[in-house]
Amino acid sequence: MSPPAVTAIVLNWSNEIVTAECIRSVLSSDYGSLKVLLVDNGSLDDSFERLQASFPNIEFLQTGKNLGYAGGNNRGIEHVLQGTTDYILILNNDTVLERCTVRKLVDTAEMRAGKVGGVV
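Residues numbered from 1 in each chain as written. Predicted model: local features only at pLDDT ≥ 70, side-chain atom pairs only at ≥ 80, totals over all residues. Heavy atoms only, no water.

Engineer: So what's going on with the overall build of the protein chain? Which residues, and what values?
Structural biologist: Per the secondary structure count, the protein chain includes four helices and four strands. On C-alpha atoms alone, the protein chain measures out to a radius of gyration of 14 Å, which is about the 14 Å that the 2.2 N^0.38 rule sets for 120 residues. Its C-alpha atoms give the protein chain principal-axis dimensions of about 40 × 25 × 25 Å. Relative to its 120 residues, the protein chain shows a buried fraction of 41%. The contacts in the protein chain between residues at least 6 apart in sequence include a share of 68% that link residues at least 24 apart. By element, 52% of the accessible surface of the protein chain is carried by carbon and sulfur atoms, the whole surface being about 7100 Å². Computed over 10 positive and 14 negative side-chain charges, the inter-centroid distance for the protein chain is 5 Å. (Helix = DSSP H or I, 4+ residues; strand = E, 2+ residues; numbered from the N terminus. Rg over C-alpha atoms; globule rule 2.2 N^0.38 Å. Buried < 20%, exposed > 50% of the residue type's maximum accessible area, 1.4 Å probe, protein only. Contact = heavy atoms within 4.5 Å. Areas by Shrake-Rupley, 256 points an atom, 1.4 Å probe, with all protein chains shown as cover. Lys, Arg positive; Asp, Glu negative; His and termini not counted. Charge placed at Lys NZ, Arg CZ, Asp CG, Glu CD.)

Engineer: Tell me about the sheet that holds strand 3 (residues 59–62), and please be specific about residues and values.
Structural biologist: One open sheet holds the four strands; their spatial order is 3-2-1-4, and the pairing between them is parallel. Among the strands making up the open sheet, the edge pair consists of strand 3 and strand 4 (87–91). Neighbouring strand axes in the sheet, compared pairwise and without regard to direction, differ in orientation by 25° on average. In terms of strand pairing, strand 1 (residues 6–12) meets strand 4 through five bridges, oriented parallel. Across the sheet, Ile 9 pairs through a bridge with Ile 90, a residue of strand 4. Relative to the sheet, helix 2 (residues 47–54) contacts strand 1, strand 2 (34–40) and strand 3, its axis offset from that of strand 3 by approximately 170°. (Pairing = 2+ DSSP bridges. Axes fitted to C-alpha atoms, helices over the stretch in contact; angles between N-to-C directions.)

Engineer: Quick rundown of the environment of Leu 105? Include the residues and the values.
Structural biologist: Structurally, the position occupied by Leu 105 is in helix 4 (residues 101–111). By relative accessible area, which is 17% here, Leu 105 ends up buried. Along the primary structure Leu 105 and Ala 70 are separated by 35 residues, whereas in three dimensions their C-alpha atoms are 22 Å apart.

Engineer: Hey, could you go over a nonpolar patch on the surface for me, with residue numbers and the actual values?
Structural biologist: Nonpolar side chains collect at one region of the surface, where Tyr 69, Leu 81, Ile 88 and Ile 90 lie side by side and expose about 370 Å² of accessible area between them. Elements represented by at least two residues in the nonpolar patch include exactly helix 3 (68–81) and strand 4. Relative to the helices and strands, Ile 88 is located in strand 4. (Patch = residues over 30% accessible without salt bridge, like charges linked within 9 Å, V, L, I, M, F, W, Y side chains within 5 Å. Salt bridge = Lys/Arg side-chain N within 4 Å of Asp/Glu carboxyl O.)

Engineer: For the packing of helix 1 (residues 16–27) against helix 2, give the residues involved together with the corresponding values.
Structural biologist: Two numbers describe a pair of packed helices, the interaxial angle and the distance between the axes. The interhelical angle for the contact between helix 1 and helix 2, taken along N-to-C directions, is 30°, at an axis separation of 10 Å. When the interaxial angle is binned, helix 1 and helix 2 end up roughly parallel. Judged by the sense of rotation from one axis to the other, the crossing of helix 1 with helix 2 is right-handed. Every residue of helix 2 that contacts helix 1 at Glu 16, Thr 19 and Ala 20 is listed here: Ser 47, Arg 50 and Leu 51. Considered class by class, the residues forming the contact of helix 1 with helix 2 number two nonpolar, two polar and two charged. (Parallel < 35°, antiparallel > 145°, perpendicular 65-115°, else oblique. Left-handed = near helix turned anticlockwise from the far one by under 90°. Nonpolar A, V, L, I, M, F, W, Y, C, P; charged D, E, K, R; others polar.)

Here it is, written out as structure tokens:
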């Protein structure tokens, strides 16, 4: 049986440096069945294009305008649910994960029904 698929949604709005650090931490995860969706919330600079160039192997979604935190993440969730994933991990773009975070969250979710989250 393959491990559950996880898609991490990271929302960017004109903040390339912080967002890139978050994406790098997700990509260095020890959890193998993990994808990243970067949702750009209508950035006013060219951070979206630079992030696409820096991370060509992740998926991108452009909202076209700033929908706010909830709106941008909801657009990402709608997009992810059109495909196949078992879990969605919503991350603030200033989050830096430890390598084992996703694995521990999935292990906990698989033992218990419902939502799980990390401790800051």
